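One-letter residues, chain by chain:
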Amino acid sequence: MKTLIVLRHAKAVRPESDLHDFDRGLTERGRRDSRAVGEWLAEEGLQPDMVIASSALRTRETAELVAEAAELDDAPLLLEALYGSDEATCLAMLSAHAEGYDTVLIVGHNPTMEGLVERLTGQAETMKTAALAHVELDVEAWESIDRSVECRLISMWRPAKSA
């Protein structure tokens, strides 16, 4: 049995003409929500053994703040391949990098994170910024994930709306 925590990056600054999309960082709300995700993971006892994230600035910042708040030992593994990727690439990255880990947090972008949850569980979920899906997979190895694997959406977590 494997556990996958799918997280869309937290709220990022708006696109600007002189700023490449890859280099957009988090807003103050995004930083606050990222810390809240990490705190929730720790409270739930759902601390990942490994964090994989897109290397884009907003996903990197999200992953680092989550890891810090959840008091994880290892730094996130940052993969450029997850920026602008699809669900198949996410699964390939899990297969390539997560062997030996039972609970993995993957931090990425929409529409890919929503698509990954739907592909695995058959359930369409809206994942606004900092939304998290907790998925259980009936596999022994990450490389065994395919459409025939039974996957269950255990819970969704979304940050509380800020005032």
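Whatever comes next refers back to the structure up there.
No experiment lies behind these values; they were computed from the predicted model shown.

Draft legend 1. Region of interest: the pairing of strand E1 (residues 2-8). For E1, a buried count of seven out of seven residues is recorded, marking the element as mostly surrounded by other parts of the structure. Residues of E1 alternate between two faces, with Lys-2, Leu-4, Val-6 and Arg-8 on one and Thr-3, Ile-5 and Leu-7 on the opposite face, all of them buried. Two strands pair when backbone bridges link them, and E1 and strand E5 (residues 132-137) are joined in this way by six bridges, in the antiparallel orientation. Looking across to E5, one finds that Leu-4 is bridged to Val-135. Pairing analysis gives six bridges linking E1 to strand E4 (residues 103-108), with the strands arranged parallel. Each bridged residue has a counterpart across the sheet, and for Arg-8 the counterpart in E4 is Gly-108.

Draft legend 2. Seen up close, the sheet that holds E5. Taken together, six strands build an open sheet; the order of strands is E3-E2-E4-E1-E5-E6 and the sheet is mixed. Single-partner strands in this sheet number two, and they are strand E3 (77-79) and strand E6 (151-157). Taken over all neighbouring pairs, the strand axes of this sheet differ in orientation by 20° on average, direction set aside. With six bridges connecting them, E5 and E6 associate as antiparallel partners. Considered in E6, the bridge of Leu-137 is made with Cys-151.

Draft legend 3. Quick look at the packing of helix H1 (residues 28-44) against helix H2 (residues 57-69). At a closest axis distance of 7 Å, the pairing of H1 and H2 adopts a crossing angle of 40°. The angle between the axes of H1 and H2 places the two elements in the oblique class. In this structure, H1 crosses over H2, and the sense of that crossing is right-handed. Touching Arg-31, Ser-34, Arg-35, Val-37, Gly-38, Glu-39 and Leu-41 of H1 are Thr-62, Leu-65, Val-66 and Ala-69, all from H2. Broken down by class, the residue content of the contact of H1 with H2 amounts to five nonpolar, three polar and three charged.

Reading the values: rules and limits
Residues numbered from 1 in each chain as written. Predicted model: local features only at pLDDT ≥ 70, side-chain atom pairs only at ≥ 80, totals over all residues. Heavy atoms only, no water. Buried < 20%, exposed > 50% of the residue type's maximum accessible area, 1.4 Å probe, protein only. Helix = DSSP H or I, 4+ residues; strand = E, 2+ residues; numbered from the N terminus. Pairing = 2+ DSSP bridges. Axes fitted to C-alpha atoms, helices over the stretch in contact; angles between N-to-C directions. Parallel < 35°, antiparallel > 145°, perpendicular 65-115°, else oblique. Left-handed = near helix turned anticlockwise from the far one by under 90°. Contact = heavy atoms within 4.5 Å. Nonpolar A, V, L, I, M, F, W, Y, C, P; charged D, E, K, R; others polar.

All we've got here are geometric facts, nothing functional implied.
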